[in-house]
Amino acid sequence: MPIDKKCPSCGGTMIFNPGWDSLLCQSCGHKEIIPELVSKIPVEEMDFLTAQNTASHNWGMEAKIVICGQCGAETVQNRLQLSGRCPFCGSTTVDAADPSKDIMAPNGVIPFKITEKRAQFIFKDWVKDRFLAPDKLAKDAELNKFYGIYVPLFTFDVLTENRYTGHYSSGNRTLFKSGKFKHQIDDFPVVASKQLASDKLLLSVVKDYWTREAKPYTPDALAGFPCEHYSIGLTEAWNSLGDDLKRYLEDEAYRQNPVTHLSGIQIATDYFNLRYKYLLVPVWINTFAYDGRNYIIVINGQTGKINGQWPKSFGTLMKKAVELFF
Ligand SMILES: [Zn+2]
Ligand SMILES: [Zn+2]
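Residues numbered from 1 in each chain as written. Chains lettered and ligands numbered in written order. Predicted model: local features only at pLDDT ≥ 70, side-chain atom pairs only at ≥ 80, totals over all residues.

1. A look at the sheet that holds strand β2 (residues 22-25)
Applied cut-off: DSSP calls a pair of strands paired once it identifies at least 2 bridges connecting them. Here a helix means four or more residues in a row that DSSP labels H or I, a strand means two or more in a row labelled E, and each is numbered from the N terminus. Orientation is described by lines fitted to C-alpha atoms, with helices fitted over the stretch in contact, and by angles between N-to-C directions that extend from 0 to 180 degrees.
Across the sheet, which stays open at both edges, the 3 strands sit in the order β1-β2-β3 with antiparallel pairing between neighbours. Here the strands that pair on one side only, and so sit at the sheet edges, are β1 (14-17) and β3 (31-33). Each neighbouring strand pair of the sheet contributes to a mean axis angle of 30 degrees, computed without reference to strand direction. Pairing of β2 with β3, which is carried by 3 bridges, proceeds in the antiparallel orientation. Bridging across to β3, L24 finds its partner in K31.

2. Looking at unusual backbone geometry
Stated precisely, the cut-off is as follows: We call a residue exposed when 12 or fewer other C-beta atoms sit within 10 Å of its C-beta, buried when the count reaches 20 or more, and partly exposed for counts in between; the C-beta positions come from the backbone.
In this structure, D187 takes a positive phi of about 55 degrees despite not being glycine. On the secondary structure map, D187 appears in strand β10 (residues 173-191). What makes D187 partly exposed here is the crowd of 17 C-beta atoms within 10 Å.

3. Topic: the nonpolar core
Stated formally: In this description, a nonpolar core means buried residues of the types Ala, Val, Leu, Ile, Met, Phe, Trp, Tyr and Cys, linked to one another by C-beta atoms lying within 7 Å. Placing a C-beta atom from the backbone of each residue, one calls two residues in contact when those atoms lie within 7 Å.
Formed by 63 residues in total, the largest nonpolar core has its most connected members in V151, F154, V206, V281, V283, V298 and I299. Dropping the residues within four chain positions of it, V281 is found in contact with I110, Y150, V151, L153, V206, Y209 and Q302.

4. Looking at the environment of T93
With respect to the secondary-structure elements, T93 resides in the loop between β6 (74-77) and β7 (94-96). We classify T93 as exposed; it has 12 C-beta atoms within 10 Å. Setting aside its immediate chain neighbours within four residues, T93 contacts G69 and Q70.

5. Side note on the confidence of the model for the protein chain
Heads up, the rule is: By definition, pLDDT measures how confident the predictor is in each residue, and it falls between 0 and 100.
Counting all residues, the mean pLDDT for the protein chain is 85, and 84% of those residues have values of 70 or more. pLDDT under 50 marks residues 132-136. Its contacts with residues more than four places away, or in other chains, come to 6 contacts.

6. Focus: the environment of G11
With respect to the helices and strands, the residue G11 is situated in the segment before β1. Each C-alpha atom of the pair G11 and C25 lies 8.6 Å from the other, and the pair is 14 residues apart in sequence.

7. Notes on the pairing of strand β14 (residues 293-300)
Across 3 bridges, β14 lies against strand β15 (residues 306-308) in antiparallel orientation. Note that in β15 the partner of I297 across the bridge is G308. Connecting β14 to the next strand, β15, in antiparallel fashion are 5 residues, including G304 with a positive phi near 85 degrees.

8. Let's talk about the pairing of β2
As paired strands, β1 and β2 are joined by 4 bridges and run antiparallel to one another. Counterpart to M14 in the pairing with β2 is C25. In textbook terms, the turn of a hairpin is the stretch between consecutive antiparallel strands, and for β1 and β2 this stretch comprises 4 residues, one of which, G19, has a positive phi near 90 degrees.

Next comes the structure, spelled out in structure tokens:
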């Protein structure tokens, strides 16, 4: 399936239309529903152990990896790419990656629900809540410019069998307790973008998606939008979950003993039937440079949640913005 779908009524270029699960003609406004995005078919869960052999490499389009010459972010681009600008740092210096580089294709996508216009409103509100009198800044076109990008997210399903010990107090005695339980983990997410995962503020936005609303992958959802190539691989992503999962299961052991308020929980876990989904999730991203540093603000393209980095010397920035643009 070619990615650059032509409009059936005027021959214009059609790109993905956030919020409408459809393609939109840039010339005449003709809309076409994307069948995969309105289907009830769930995203297939893939077997982790055989991923090397079973993962799809078919993007359904001509996909190439482009590396940013400035920040090193890797994006998967297609011929319909609207701009050669790096969504993470704004640089226009891009290098082609090694063409033999293996690009595993996603098996699901969460399409953009939030439009660019909505993203700008969310940004203005956010700025307003955080700072005094930012009206002029919020009006500034450059700072309001958001770029849409799909970011890689792995989710894991796994059956756990757990043995635990812990203690609790009864009167002035300390009593010990041990137990076993099985627990099915469902859609535990790992953001596979180093750029976004390494910053707590940004991660808080791109970790929380309603993954149950993911749809089977279709290149039509990417028409006009770049996507980031994962910089954290599948195995690395699973390995990085250790502490989070442990904490989650310790909480589960605590919940299994509602009366005793167990503490000092020690837990040993066996994992079975590990499965994953490789999803592309939508993000509106805004980068700006200030004082030789890059700042990133992100908006979750499904839920509208926003967070980001901001220079400490905000007052100075505001002055600068005012000087520059008014
Ligand atoms: Zn048209
Ligand atoms: Zn860059």
